[in-house]
Every structure is written in structure tokens, then in C-alpha cells.
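This is what each chain is made of:
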Amino acid sequence: MHPTPLLRDDYQRIVRRAHDNLASLNLTSDTGPGVRPAVLESWNRSLDRLRDPAGVRVRMAYEADQLAEVRRRHPFSSIMGLLQSHLIEPAKEAGLLVALGDEQGRLLWVEGERAVRSRAETMGFVPGTDWSEDVMGTSAPGLALRSRGAVQISQAEHFSAEVHSWSCSAVPVTHPLTGQVLGIIDVTGGDDAVSSIVLPLLNSTAQAAGAGLSKLYTPDVGRPSAAATGQGAYLEVTGPRPYLFGTDGGQIALSGRHAEILLLLARSREGISSAGLVDRLWALGGSEVTVRAEMARLRRTIAHLGDLSVEARPYRLRGDIDNDVERTHRALTQGDVETALKLYRGQVLPESNAPGVREIGAELEALMRENLLQNGTWQQLWRYSTLGEAKDDSEVLMTVLRLAPPEAPERNAAVVRLEALGY
């Protein structure tokens, strides 16, 4: 395998020679022949602000107590599962670090094997530090934010001499509606960090992150808007967190048990007896007394959400209510894979062990997967592969490789993930 242009010995000799003269030169294409123009421009900006490459020092932007709160508020925290499966885990398998930073270049997470993270700590590449161009000079995170595009920086191309044993690739992640930069994703390590497959993997991750974040900024298909009255209640049980939306625009984050009961009742509109709920909620144990207690709590929880209520003997829902499981089923029955994929946020109540819920979930998961494999586009299959239950699905990834055009960056990303699975 031939090294990339950034890693060829002759190029690195040129860069090191030019870097040795940084402190005394205003570099141009004449004084730094052969060095990439974007790197020369960044070096000059860095010289204006930081003066001496040997004197660059990492600045801590967030202490530990601040960092936890900043992480919690940052949009990346809501799609961490996607980032883990799509980028962090494959990079970790390859011995690389993944850094996730905010829109100003301050690192919020640095993920990878402990030994690699320990080595990176010696150059200050740790959560809470500022790796913007203003503070650290030329690096992939800082330059990617400044250019709003994908960047690779190898070895001596870094402004700080202390970083010359490392290479990195980075891309910005943008707001799905406004295009505003929300943060940065970066892969750092040895030569592999600027290999030919890293940028396609980063670009596809940024695209998937934007798609995942779009669900935070726009109403999901089928989810009632805050102003939509008279539509009936809406139960959302796919994905990481269950919600109940009322006819007045109000919403409730449901407990796992209440979400299980509502889903079972929504799927059995004729009603379920106490004994039937015991069988559907517990594989072992459980009792009708416990069911009655949960029902009392559930009634109090949903009392203010319009006309929705729970009746007894048998237990059944009264009031107009729909749910994402039913709507996904209907979309798939009608051959509308795109709508089904937008509705389906992941496994049905993934933390649930209730037999009735697991049966509902297994049926929907199998139906979704089969429809996508039979009728989905490669883009739809790739989006599906970012969900937790599909991240290790080799058949889905192989189908993406078969259908995607040669120039699609997702092809290389699929190869990386398949290699991590041992293919």
C-alpha cells in the first residue's frame, strides 16, 4: 500500500525544513516551497498570534465540574450512541483516538484505548482543552473549524513542535437547519489517522450526525406539533426515550413501565385483563396487585393530557391515541420505506424485558430490516445502519457496498466497519 502524499518521506522533509524556519520567516510559496498552501496560510496566522512554535502551550477551557455540564448541554450528547457505533468504536479498534469538540474547538470528549489516550495526554490532547487555531496554531480541529471543511494535518504540518509525532483528520458538524457549525469530530493518532479511508468515514459520520440531530430540531414524522389540537394523543416508544404527547401539545417523558403498559394497551384496543398484563409484563413474578398499583400511578401521570384515560375490567385505553409502532407498520405495509425510516428511531423500548413488548419489538425490527434490504436505497440502508441494533449487521453493510456508487464516502466507512467485524 502506497503512503498518502502527506506521509511521503520527501514531503515530510520539506515540511520539517520549512517548520524549522518558522520563527524567523514570513512564509510564502517561495520560502516554503512544496508545503501545502492551506498549511502555509495557517502557519502565518499562527505566527502572528503565537510567535514561537516551541512556546505553544495547551490552554484548559473547562475544568472537570464545568466540563460535565457543557457535555450535557452539547448536541453531541444526544447522539452519542450514533457517534459510538459509527466512528468511535471502529477508530478505537484501529488504535486511533476520536475527539469531539464544540464550535470553538474546545475538546469535550477524547475516546480511545487507555494506552493511546495516555500518550496523547503528554501533548495536552485531553477533554476540556482548547485546540482552536488561535490557541494551538495549525491542527486539524482548529483548521477544520476555520475552513468549515474536512482537513488532514500530518506530523510536522502542526504548528506546535510538541505535536509532530501525531497526525489528525477532522470535519465540522453543522446544524441541520441553519448550517451553523455545532462542533468538530476528529481522528488523531499515527499515520493511520490521515489514511485515505479516514476522511470518508468522518464525512459520513458528520452526515449521519446531522441526520440524527435533525430529529432534535424538527418534529418527527407523525409526531403532533405543539399547536395541533384535536389530533389525539401520540405515544413514541422506538428509540432511547419514550414520550407521550397530548392533544394540547403537552408531553410527558414516560417511565419504562408506564411506556410498556401504554404500548400493550394501544396494541390491544379491545382491552387486556389484569392476568393478561401480568403475563405480558413479567417473564417471571409479577402480580395483579402490582398491575393495579401501576395503573393508579399511570392514571395520575396522564390525567392532564386531554381526554386520554385508562378504564378497567378489562384494562383499555379510552380516547384517540396513535403510536410510532403502528404508524411504522402502516408505512411499511404501504411500501413507504422513507416514512417508516423517519418514524423508526430504533428498537422498541430497548431497556424493556417485558415479554409482550419484546414480541412487538421483534416483529417490527424484522419487518423494518426485511423491507429495507428488499426495497431500500443504499442511502436508507446506511441511515438504518447507524441505529444501535443495526451497527453490526454485516448483511446491511454488504448491501450498502453492493448498491452505493464507487465515489460514495459511505462505501469506505462501510468497509471500515466490516473490517472491525472481522470481514
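This structure is a prediction, so every number in the text was calculated from the model and none was measured.

(A) Representation of the packing of helix α15 (residues 378-385) against helix α17 (residues 409-420) in the model. Interaxial distance between α15 and α17 falls to 12 Å at its minimum, and their mutual angle equals 40 degrees. Between α15 and α17, the crossing angle belongs to the class labelled oblique. Along this stretch, α15 crosses α17, giving a crossing that reads as left-handed. Contact residues: Trp 378, Trp 382 and Ser 385 in α15; Glu 410, Ala 413, Ala 414 and Arg 417 in α17. Classifying every residue of the contact of α15 with α17 by side-chain character gives four nonpolar, one polar and two charged.

(B) Geometry of the sheet that holds strand β9 (residues 243-245). Strand order in this open sheet of four strands is β10-β9-β8-β13, and the pairing throughout is mixed. Of all the strands in the sheet, just β10 (251-253) and β13 (321-323) have a single pairing partner and so form its edges. Strand after strand, the sheet turns through a mean of 15 degrees between neighbouring axes, direction not considered. The strands that helix α12 (residues 324-333) touches are β8 (233-236) and β13; relative to β13, the one it contacts most, it runs at about 65 degrees.

(C) Just the environment of Glu 270, in detail. Looking at where Glu 270 falls in the secondary structure, it is placed in the loop between α9 (256-266) and α10 (274-281). Residue Glu 270 is classed as exposed on the basis of its relative accessible area, which comes to 63%. Sequence-wise, Glu 270 and Pro 314 are 44 residues apart; in three dimensions their C-alpha atoms are separated by 8.3 Å. Apart from residues lying up to four places away in sequence, Glu 270 is in contact with Pro 314 and Arg 316.

(D) Summary view of the pairing of strand β5 (residues 151-154). Side-chain alternation along β5 places Val 151 and Ile 153 on one buried face and Gln 152 and Ser 154 on a second face that is also buried. Where β5 and strand β6 (residues 167-174) come together, four bridges link them in antiparallel fashion. Bridging across to β6, Gln 152 finds its partner in Ser 169.

(E) Examining a nonpolar patch on the surface more closely. On the surface, Met 398, Leu 421 and Tyr 423 cluster together into a nonpolar patch covering about 300 Å² of accessible area. Take Met 398: it is sitting in helix α16 (residues 394-403).

(F) Just the pattern of salt bridges, in detail. Tallied over the full model, the rule gives 25 salt bridges. Across the salt bridge formed by Arg 369 and Asp 393, the nearest N and O atoms sit 2.6 Å from each other. Here Arg 369 is found in helix α14 (residues 355-375), whereas its partner Asp 393 is found in the loop between α15 and α16, with 24 residues between them in sequence. With a relative accessible area of 24%, Arg 369 lands in the partly exposed category. Asp 393 gets classed as buried once you look at its relative accessible area, which sits at 13%. Residues joined in a network through salt bridges with shared partners are Arg 45, Arg 49, Glu 133, Asp 134 and Arg 146.

(G) The nonpolar core, seen in detail. Membership of the largest hydrophobic core comes to 89 residues, with the highest contact counts inside it found for Leu 83, Leu 100, Ile 185, Leu 244, Leu 263, Met 295 and Tyr 384. In terms of residue count, the dominant contributor to this core is helix α8 (residues 198-217) (eight residues). With residues up to four places along the chain from it excluded, the contact list for Tyr 384 reads Leu 341, Tyr 344, Glu 365, Met 368, Arg 369, Leu 372, Glu 389, Ala 390 and Val 396. Listed in part, the 36 residues of the second largest apolar core include Ala 120, Met 123, Trp 131 and Ala 156.

(H) Summary view of the layout of surface pockets. Roughly 240 Å³ of internal volume is contained in the second largest pocket. For the lining of the second largest pocket, the secondary-structure elements that each account for two or more residues are α4 (80-93), α8 and α17. Looking at the lining of the second largest pocket residue by residue, the classes come out as ten nonpolar, one polar and three charged.

(I) View of helix α2 (residues 37-50). For α2, built from 14 residues, the straight-helix expectation of 20 Å at 1.5 Å per residue is met to within 8% by its first-to-last C-alpha distance of 19 Å. Turning to α2, its buried residues number three or more, namely Val 39, Leu 40, Ser 42, Trp 43, Asn 44, Arg 45, Ser 46 and Leu 47. Contacts made by the buried residues of α2 are with α1 (9-20), α6 (133-136), α7 (140-147) and β5. Where α2 terminates, the next one or two residues include Arg 51, which has phi positive at roughly 70 degrees.

Calculation rules
- Residues numbered from 1 in each chain as written.
- Predicted model: local features only at pLDDT ≥ 70, side-chain atom pairs only at ≥ 80, totals over all residues.
- Heavy atoms only, no water.
- Axes fitted to C-alpha atoms, helices over the stretch in contact; angles between N-to-C directions.
- Helix = DSSP H or I, 4+ residues; strand = E, 2+ residues; numbered from the N terminus.
- Parallel < 35°, antiparallel > 145°, perpendicular 65-115°, else oblique.
- Left-handed = near helix turned anticlockwise from the far one by under 90°.
- Contact = heavy atoms within 4.5 Å.
- Nonpolar A, V, L, I, M, F, W, Y, C, P; charged D, E, K, R; others polar.
- Pairing = 2+ DSSP bridges.
- Buried < 20%, exposed > 50% of the residue type's maximum accessible area, 1.4 Å probe, protein only.
- Patch = residues over 30% accessible without salt bridge, like charges linked within 9 Å, V, L, I, M, F, W, Y side chains within 5 Å.
- Areas by Shrake-Rupley, 256 points an atom, 1.4 Å probe, with all protein chains shown as cover.
- Salt bridge = Lys/Arg side-chain N within 4 Å of Asp/Glu carboxyl O.
- Core = buried A, V, L, I, M, F, W, Y, C linked by side-chain atoms within 4.5 Å.
- 1 Å grid on protein atoms, 1.4 Å probe; cavity = no way out; pocket = protein on both sides within 12 Å on 5 of 7 lines; lining within 4 Å.
- Points joined across faces, edges and corners; volume = space filled by probe spheres on them.
- Expected span 1.5 Å × (residues − 1).

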